[in-house]
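A closer look at the structure
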Amino acid sequence: MPVFFIIIFLGIMGGEAQCGELPPDTKARAEAAYLQQEYDEAFRVLAETPGLLGVVPILDQPKDKARAEIFFDLARIRLAQKDTAQARAILDYIFQLDREARKGALDLAEDHAYLETRSQLSKLRKRERQNNLSSTTFMGAAGRSLVLPGWGQLYRGHRKRAFAFMGVTAAAAVYWFSADKAYKNAYDAYRATQVGELRVEDRTGTSSDAFPFQERFENAQSKASRANMALGILAGVWLAGVFDHVIIGPAHLGVEIPIF
Amino acid sequence: MRVRLILLMVWVVCNTASPVVAQNTAHRIAVMPFKSVFNPDYGAFMADRIAFELYSHAHVPALSRDRFVLVETDTLSHNLQDQLQKIDRRVPAQLLEPLRQKVPANYLLTGSITSTGIHHIDILFLDLTTGEVVWKGTVRDNPSWVWTHNREVGETPALEMRQQFGFGLGETPPPPLAVELLPKQILFQPLYTNTFQALAADCETRLRTTITQDGIFTLIPGTLKNGRGHQRFVRLNQRLRTQANETTLADAVLCGSLLTFGKDGGADNIAIVLRLVDVNTGLILWMEASNGRRVWRHDKMSDIVSGVVAGLTENLSQFGADIAETALTELRTQANDGEGWARLGSAYLHRGLLRQAEEAFEKALTFAGGHAIAQSGMGQIILRRGGDFNTAVASFRAAISKDPDYLEAYCYLAQAYLDRDMSDGEAYAAEALKRDPSFSLAWRILGDWFLSREQDREARDSYQKYLALEPDDVDVAERLGRVLLRLKDYAQIDRLIAPIQRAKPEIANLVPIVAIKNLRVKRYQEATRLFNRFLTQVDLRERSLFEDISTVIPEFEHAVYAGLSDAQKKVYRDRFWREKDPDLSSPHNERQLIHFERVWIARQEFGQEVHPWDQRGAVYIRYGVPDYRSRSGWTPTLPSTQVQQVKERIYRELYAFPPEGELIGPVFPVRSDRGISISQENEFAAVGQEEENNPFNDGLERNQTDGQFTNNSGQESYAPVTLQNDHSIVPWESWVYVDIDGGLVFDFTKEMGGMSGYDFAPIPPILPTMLKSTIRVAEYAPSISFERAVSNQADNFRQQQPLPLKTFYYDVVDFRGGAQRTRVDVSFSVPLEHLLIVTDGKRPQVRLEKSVALADSNYAIVYRQAKAVSFDADTAQVDVSEIVDVIRQDVPPGTYHFTLTLKDVLSGRVGMLKREVEIEAYGQDKLVLSDLMLVKSVSDTIEDVRFRRGSQQVIPNPTRTYQSGQDLAFYCEVYNLTKNEFGQTNYKVTTAVKAIDQRAGFRPFGANEQPEVALSFEQVGDLEWERLPLAVDLTNAQTGPNRLIVIIEDLVSGQRISKETSFEYIP
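Residues numbered from 1 in each chain as written. Chains lettered and ligands numbered in written order. Predicted model: local features only at pLDDT ≥ 70, side-chain atom pairs only at ≥ 80, totals over all residues. Heavy atoms only, no water.

1. A closer look at the confidence of the model for chain A
Per-residue confidence for chain A gives a mean pLDDT of 87, with 90% of residues at or over 70. Below a pLDDT of 50 lies the segment residues 7-19 of chain A, which in the model reaches 10 contacts outside its immediate sequence neighbourhood of four places, other chains included. (pLDDT = per-residue confidence, 0-100. Contact = heavy atoms within 4.5 Å.)

Spelled out as structure tokens, the structure:
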């Protein structure tokens, strides 16, 4: 019964969240105040959006992306005021609501504060990614590379290196595949050689006589040698992808945290 | 106070709204204790824990606003809570109004808990403005998850609740208040718990100590009490907050709850939630939760409690950090180099701001100087947080290696070792003193160490040296006083402690030391005065320990006493102590003073780990100093013969084999690394033919035939401790009382590693094979012995008997007194030859202290008189002279406990007499005759006003002996004579003297009733009562014991009354 109640309750809340957009008059007043550089007023209008801060978060209105857009504008206002400390708190909050937030709820032309807000959110994403990369481990990366060359590099943030390994490994694999196929064909040809092909009755004892066994055997041997070399190259590249993690660590993304 | 209120309201507005959104105030949430039938402590704690979770997410930094503030509320009745739990969507109107009256909030979070192994917490979140249910759901908890999920106590349901409410990283605890709004004076209320009050008290003591040491907040003494005297409240309602506001200086009250989880009802996991409640508004200003866990058996519970408390106090210090930051402004500005940062770190550390201290020390380590201070500071931080001991020691060693002259590091290192009972610390303190003998801290550390080891002489020397350097440290003065009391060095107490006590009368702790010294040297009046002063100085909780008599009354009286109201308890106590008073005639009660002394010593000596004391304290308060005491780790002393006899008797009852050596330790088996040696068992088994001669063989079958009881010397086992065979692996103490209940041994062990201090040694789970029977083990288990001793002899008071006064005589007679009262004349005589005569100037004199007490039958009222008087002594007739005196007291008629004490001041000899006396009522309606007072002489000349009776002098004769040729003089009064029509009375007096027939055997003709002497005469008067000083000629009387019979006949009314008394007639 309580579970049913919760489901219904959350359903109602969720339904309301869908339509929990910024009220038009609030939006208009906030935009007007922003354009007149009355930032405190703009902030107040937005912060007082009905239901924005419920007694507990499940009662907050609106939710998710729509909520993130309102806070995007709040951060933008604070950045326009150069209140970076407060802006940081808001940006952190936006980031928890919607990591991909890139716009606000207000219809305002792009300005420096807008670009700065986007930039800061981008840096937060980058920082988060850096944190994720920093938490990767050597064993995790090596294991991944053992399964799939380049995957470990990708896991640790070395994308180019990862793709290089993947490409080289793929090429080596193709080369080995074709060499192996050629070897198998040659071998099959050798195995299919008939005694009759020696033409014993026609043999003259000179070099113009046919030697199909020997020729095809040598051909198969040559192909086998190439296929083995191709396999060695493939294994080498594969293992290089694994041992690459001995020399590389997690990638450094060059994170900037200018306002914090 | 009003200004504070306004400031706080301003803060509420400011803190709940951003500067631009001032009109939007935060919601107020009240969290009601959850109803938990199976364990009320669990319900109260979980409500607090969930409230803490809410508090931790009350603030939204993105908007600089609080979602809500938590407020303290009144509790709801169970009935109302039950009705609330049945609500689905909306609170019925008839419930809503009572709720609004009880709960000063917009929202109410309440719940109830049911348990089917897993606890289900049904939570209801109500909007009290609309009456709607905001949220309703169930979260679950299971004590075993603390171990299996590696969670803290209460964490699982709190996290589930947090998730269901949608709290995330976007919310934080509210920021600390501004300095001017922070509460400065805090009242600390005992933690709420019903089950683990001793543990709670232990935590409270540590909390108080740490908060006081940090000094950011001022703890004011006392606690809040409700009408029934309870101090542990689940919520501080409006009435209690008003009490705090009106009767204390408190700005806020620090309170909370405690819960423990553990196997078999133990306390392996401890959790405390604290909250700071503003007394004016009821707002919860701060909350914190802390947990501790005992993982290994050898983990000390005291260390775990320290860790839990450290977590709480560090956070509380952070809450008030702004106060410290303000105080440390100057130090911060000076922190430009290593020394500066290290000094700043030390200052932070002393205020409990460990995080800031750590940062400052780390900063100091980046500079060239100050490394020694920083390293030792880091070590202290580790220890305070309950971190790794070796890491802390390494920090101190690093500090010493950086600067060998930084003596504090030696002391911190010494303290770290000594706190763990590792004597290696002595060497470090000694090293510090070698480098600088005037370094006082090292002396104090050594003194504390010796004090804990009861090496009293060493402790005294160390403390004396410390006090010579730091004369204002009264804490150390108190410790020195304790040492001197142990050493019975009363002269040094007079020389060192008493002057400090007089100079600093506000220091309560020194008063009992001087009081006990006075008690021991029999200056009872001064001891009484000082103890009374001490009790007025200490807080209510401490005073109640001294006044509580449940520690000395028999077990069966506990329930009666506990059921009394405060006023009734006081009456009960007063009667109890009067009944126990060995000398009612003195104004002081030695027994009660001894009780105060014992309680104080129990608090000091046995209350270090447990509040108020461990089991040793309980035994000590009842029975005082044991006749023999031994302790693990001490060099044993050989007990007296009596003690040895008691131990051997109990040993014989318990064991089948004689002991290996002298019984100096516990007789009851205690945890050891091995039990009785196999070789010894084999030895006794081999000499089977000698079994009959074995005094330990009582013919009983030994209890252990089962393999499970077979002892293995390689395993942990239980065994007694003897001089030659001590394999104990648990700290123990053994106390012997030779005269309690026929001789008792109380063996204590410290099983819990510090949580409960010393407790009675438990019955071993694996019984040693050498025991005679399991029944005997149960019978002689110390806890059961104690219960039995309490029921047989609830307490013990061994008064040092003074030299007795060889002979004294007394007589108690009563006459009609004032309105509704009877006058009691207590006369006494002491032969002069038994008194010490001293010539004062030209007059030889004796000096007597005479005191008399009459306590009514239930000791409710005591009438007491005491006076010191001097008498001239006739040295020419010392062998025949005597001192005669009389004491008069008016009392209501009834049965009294009569005490007469005579003390020869000059020789110190004391004579005391106690008996029951019946004091007669002298009504107005019928003829009444007073008691007959035998007198030496009656004369018309009054030479001594003490003996005046009307116009005559009547000198009593308490010896009741008359010699041949001497008349039998006596004095009596007759009341309510009837007057005739002429206003005159007419009555007949008949006196008779008759020998008391002392011959044994059958009297064929009955007893001879004919008196030897008889006299009768008529008297006429005009008063309704008359004095009758009379004399009887004893010429015809028989020698030996005689009876004097007086009969009065009122010839007007025809009423008749008679009285008689006895005397000895000597030829």
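Moving on, there is more to tell.
2. With respect to the interface of chain A and chain B
Contact with chain A, which involves 26 residues of that partner, is made by 28 residues of chain B. Where chain A abuts chain B, roughly 2300 Å² becomes buried across the two surfaces, and 67% of that area is made up of carbon and sulfur atoms. At the boundary of chain A and chain B, one finds 1 salt bridge. In this structure, Asp60(A) and Arg67(B) form a salt bridge, with 2.7 Å as the shortest nitrogen-oxygen distance. (Buried area = accessible area lost by both parts, 1.4 Å probe. Salt bridge = Lys/Arg side-chain N within 4 Å of Asp/Glu carboxyl O.)

3. Quick notes on the pattern of salt bridges
Enumeration according to the criterion identifies 71 salt bridges over all chains in this entry. Note that Arg99(A) and Glu128(A) form a salt bridge whose closest N and O atoms lie 2.7 Å from each other. Of the two residues, Arg99(A) is situated in the loop between α5 (84-97) and α6 (112-134) and Glu128(A) in helix α6; the sequence distance between them amounts to 29 residues. By relative accessible area, Glu128(A) is classed as partly exposed at 23%. Salt-bridge contacts for Arg479(B) lead to Asp448(B); the nearest nitrogen and oxygen are separated by 2.7 Å. Placement of the pair is Arg479(B) in helix α20 (residues 474-487) and Asp448(B) in helix α18 (residues 440-453), with a sequence separation of 31 residues. (Helix = DSSP H or I, 4+ residues; strand = E, 2+ residues; numbered from the N terminus. Buried < 20%, exposed > 50% of the residue type's maximum accessible area, 1.4 Å probe, protein only.)

4. Looking at the side chain of Gln492(B)
Residues and elements named next belong to chain B. Of note, Gln-492 is situated in helix α21 (residues 490-503). Here the side chain of Gln-492 touches Arg-495 through a polar contact of 2.7 Å, side chain to side chain. When near neighbours in sequence (up to four residues on either side) are disregarded, Gln-492 contacts Gln-464, Leu-484 and Ile-497. (Polar contact = N/O pair within 3.5 Å; in protein donor to acceptor, adjacent residues only side chain to side chain.)

5. Here we look at the packing of helix α4 (residues 64-80) of chain A against α6(A)
Residue and element names in this part refer to chain A. Contact geometry of α4 with α6 gives a least axis separation of 8 Å together with a crossing angle of 115°. The hand of the α4/α6 crossing is right-handed. Listed contacts from α6 to Phe-72, Ala-75, Arg-76, Leu-79 and Ala-80 of α4 are Ala-113, Tyr-114, Glu-116, Thr-117, Arg-118, Gln-120 and Leu-121. Along the lines of polarity and charge, the residues of the contact of α4 with α6 split into 7 nonpolar, 2 polar and 3 charged. (Axes fitted to C-alpha atoms, helices over the stretch in contact; angles between N-to-C directions. Left-handed = near helix turned anticlockwise from the far one by under 90°. Nonpolar A, V, L, I, M, F, W, Y, C, P; charged D, E, K, R; others polar.)

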